[in-house]
Amino acid sequence: MDQKEFSSRRKRLMQTMGRGTIAIIPTAPVRVRNRDSEYPYRPDSDFHYLTGFPEPEAVAVFIPGRKEGQYVLFCRERDQHAEIWHGRRAGLRGACETFSADHAYPITELDAVLPELLEHCGRVFYTLGHNAEFDQRVVGWVNRLRQKGRSGVHTPGEFVALDHVLHDMRLFKSKAEIRTMRRAANISALAHVQAMRACRPGLFEYQVEAELLHTFRQHGCVPAYNSIVGGGANSCILHYNENNMPLNDGELLLIDAAAEYEFYASDITRTFPVNGCFSPEQKAIYELVLAAQYAAIEKVKPGNLWSAPHEAAVKVLTYGLVKLGLLKGKPAQLIEDQSYRRFYMHRTGHWLGMDVHDVGEYKFGDHWRALESGMVLTVEPGLYISAGSKGIAKKWWNIGVRIEDDVLVTPTGHEVLSAAAPKSVADIEALMTR
Ligand code: GLY
Ligand code: MN
Ligand code: MN
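Position numbers for residues start from 1 in each chain and track the written sequence from start to end. Key to labels: chains lettered from A, ligands numbered from 1, both in the order written. Owing to the predicted nature of the model, reporting of local features is limited to residues with pLDDT of at least 70; listing and counting of side-chain atom pairs is limited to 80 or more, with chain, interface and lining totals taken over all residues. Only hydrogens and water are set aside when side-chain values are computed; all heavy atoms of the structure are taken into account.

Novice: Tell me about the coordination of the manganese ion (ligand 3), residues and numbers included.
Specialist: As a rule, N, O and S atoms within 2.8 Å of a metal are its donors, except that Na, K and Ca use 3.2 Å; water is not among the atoms, so sites may look incomplete. Those donors, Asp 256 (OD), Asp 256 (OD), Asp 267 (OD) and Glu 404 (OE), are the protein atoms that reach the manganese ion (ligand 3), and they lie 2.0 to 2.3 Å from it. Geometry is assigned from donor-metal-donor angles: four donors are tetrahedral when every angle falls between 85 and 135 degrees, four are square planar and six octahedral when opposite donors sit over 155 degrees apart with all other angles between 65 and 115, and any other arrangement is irregular. Angles of 57 to 169° at the metal separate the six donor atoms of the manganese ion (ligand 3), which places the site in the irregular class. Read N to C, the donor residues that coordinate the manganese ion (ligand 3) are spaced as D-x10-D-x136-E. A spacing of 3.3 Å is found between the manganese ion (ligand 3) and the manganese ion (ligand 2), which share Asp 267 as a donor. Pair noted here: Asp 256 is in strand β11 (residues 252-256) and Asp 267 is in the loop between β13 (264-265) and β14 (269-273), with a separation of eleven residues, a long-range link. Categorising residues by exposure relies on relative accessible area from a 1.4 Å probe, with only protein chains included: less than 20% of the type maximum marks a residue as buried, more than 50% marks it as exposed, and the intermediate range marks it as partly exposed. Residue Asp 267 is classed as buried on the basis of its relative accessible area of 3%. Secondary structure counts use DSSP, requiring at least four H or I residues in a row for a helix and at least two E residues in a row for a strand, with both numbered from the N terminus.

Okay, here's the thing in structure tokens:
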């Protein structure tokens, strides 16, 4: 992403904050996996959204209107020895020259410098509750100033939830963000095609997962979340990710896996038969979920409420379940009673962006929010019929189907960013039996 994109985000944030304020945003800490092995480092999304700075141990500070510079970045200093062991660092000069900070301080000076920066600010924009240790430090700096306040130092009077402002910005995607998300979705779609091509009875779930990961890495991506690769009974476990069972002839395989490209996530689910041909029952459930997904996607347009796609999906699913004899009663009543929840126990989507379950409000007060151009959401209805489901004939058991796409709200309707992943029965069967 271009440095200009980050600088225009900072400008917009500071315009909203106004004079006499300060924002403090730490990045994510390095996390230990076991003993001295670390998880691959991923910066905090809010921090990265505003800075593009990829290193750990960094804190961004924004002070609108400050004469000496509005954007202060605390980061690690250059260190030849440390860099030989652990990798390159931008250092203080790089923070200014490459990442456009107005001023950079060593992260080790945070406790000494931040109280000074706070001194003339009435309001502190900060996200409390994410990092208990950092919360303590922020409160400590303010308290230290308050003690000095008796000797005439100006102290901050108000904490403001930074996430409120920032997350509404992140909810609306710019052109550059949409391009990046389109790419993430296209790479993920390629990975699903590759999984369909490779799948056959006798493979283990992890071998199909390997095809997905291979495609992600070939394109410079990492998984946006832990891949779900569940065959047969495992297709009915919503967050299954052991991915260690054999794939059997005659069963379905549900894959919920997608790439993160340049810090932007995609989120795709496809379900297909392990042997490439749907059985009549699998096909009936699959076609029903697909019809529900199309109905839900149709509702994605500016002005419609957030809840509209979910309601459309529930309606199609409930009428279909009654028609197949899997629910008994009047559809309108079954919807009212939420009887469909026996087979469809999650909602139809979520915001998508730098985080797979992205930030942004779904409701204003008690009311669902209206969709607006530039928002990106997933549409992911499903049906899950576990083995042993009471009153359900055995032929339906272990059929778990979810179909999930990434959908951008456009000025006139929507664009399915993940459309390159096949989803009609005909397309899937043609691809798999070729
Ligand atoms: N992959 C997580 C989700 O679909 O919400
Ligand atoms: Mn999702
Ligand atoms: Mn998903």
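The discussion continues.
Novice: Pulling in residues and values, what's your account of the coordination of the manganese ion (ligand 2)?
Specialist: Distances from the manganese ion (ligand 2) to its protein donors, Asp 267 (OD), His 350 (NE2), Glu 380 (OE) and Glu 404 (OE), fall at 2.0 to 2.2 Å. Between the six donor atoms coordinating the manganese ion (ligand 2), the angles at the centre fall across 52 to 154°, so the site counts as irregular.

Novice: Account for the sheet that holds β14, naming residues and giving values.
Specialist: In spatial order, the strands read β10-β11-β14; together these three strands make up an open sheet with antiparallel pairing. On the outer flanks of this sheet lie β10 (228-231) and β14, each paired with one strand and no other. The mean inter-strand angle of the sheet, taken between neighbouring strand axes irrespective of direction, is 10°. We call two residues in contact when some of their heavy atoms are within 4.5 Å. A fitted line through C-alpha atoms serves as each axis, taken over the contacting stretch for helices, and the angle formed by two N-to-C directions is quoted from 0 to 180°. This element, helix α8 (residues 175-198), spans β11 and β14 of the sheet and lies at about 15° to β14. For two strands to count as paired, DSSP must find a minimum of two bridges between them.

Novice: An account of the site of ligand 1 is requested, with residue identities and associated values reported.
Specialist: Nearness of a residue to a molecule or strand requires only that one of the residue's heavy atoms be within 4 Å of it. Every residue lining ligand 1 is accounted for by Tyr 225, Asp 256, Asp 267, His 350, His 357, Glu 380 and Glu 404. Two N or O atoms form a polar contact when they lie within 3.5 Å of each other; inside protein one atom must be a possible hydrogen donor and the other a possible acceptor, and for residues adjacent in sequence the pair counts only when both atoms belong to side chains. Here an oxygen atom of ligand 1 sits 2.6 Å away from a polar atom, N or O, in the side chain of His 357. Grouping the amino acids of the shell around ligand 1 by side-chain chemistry returns one nonpolar, two polar and four charged. Classification used: nonpolar for Ala, Val, Leu, Ile, Met, Phe, Trp, Tyr, Cys and Pro, charged for Asp, Glu, Lys and Arg, polar for all others including Gly.

Novice: Before we move on, can you summarise the environment of Leu 324 with the specific residues and values?
Specialist: Its location among the elements puts Leu 324 in the loop between α11 (308-323) and α12 (331-336). Sequence separation of Leu 324 and Ile 285 is 39 residues, and the distance between their C-alpha atoms is 8.8 Å. Setting aside residues no more than four positions away along its own chain, Leu 324 makes contact with Ala 284, Ile 285, Leu 288 and Trp 396.

Novice: So what's going on with the side chain of Arg 270? Which residues, and what values?
Specialist: Relative to the assigned elements, Arg 270 resides in strand β14. A residue is classified by how much of its surface remains accessible, and Arg 270, at 0% relative accessible area, is buried. Polar contacts involving the side chain of Arg 270 include one to the main-chain carbonyl oxygen of Pro 422, which spans 2.9 Å.

Novice: Break down the packing of aromatic side chains for me, citing the residues and quoting the values.
Specialist: We call Phe, Tyr and Trp rings a pair once their centres come within 6.5 Å, taking the six-membered ring for Trp, and we label the pair stacked below 30 degrees between planes, edge-to-face above 60, and tilted otherwise. Applying the stated criterion across every chain yields a total of ten aromatic pairs. Summarising the aromatic geometry, the rings of Phe 278 and Tyr 286 are spaced 4.9 Å apart at their centres and angled 50° between planes, so their arrangement reads as tilted. Owing to a relative accessible area of 0%, Tyr 286 belongs among the buried residues under this scheme. Grouping aromatic residues by their ring pairs yields a cluster made of Tyr 126, Phe 134 and Trp 141. To sit over a ring, a charge needs its Lys NZ or Arg CZ within 6 Å of the ring centre and within 35 degrees of the ring normal. The lysine or arginine in question, Lys 363, covers the ring of Trp 368, its NZ or CZ lying 4.5 Å from the ring centre.

Honestly, that's just the spatial picture; any functional story needs more than this.
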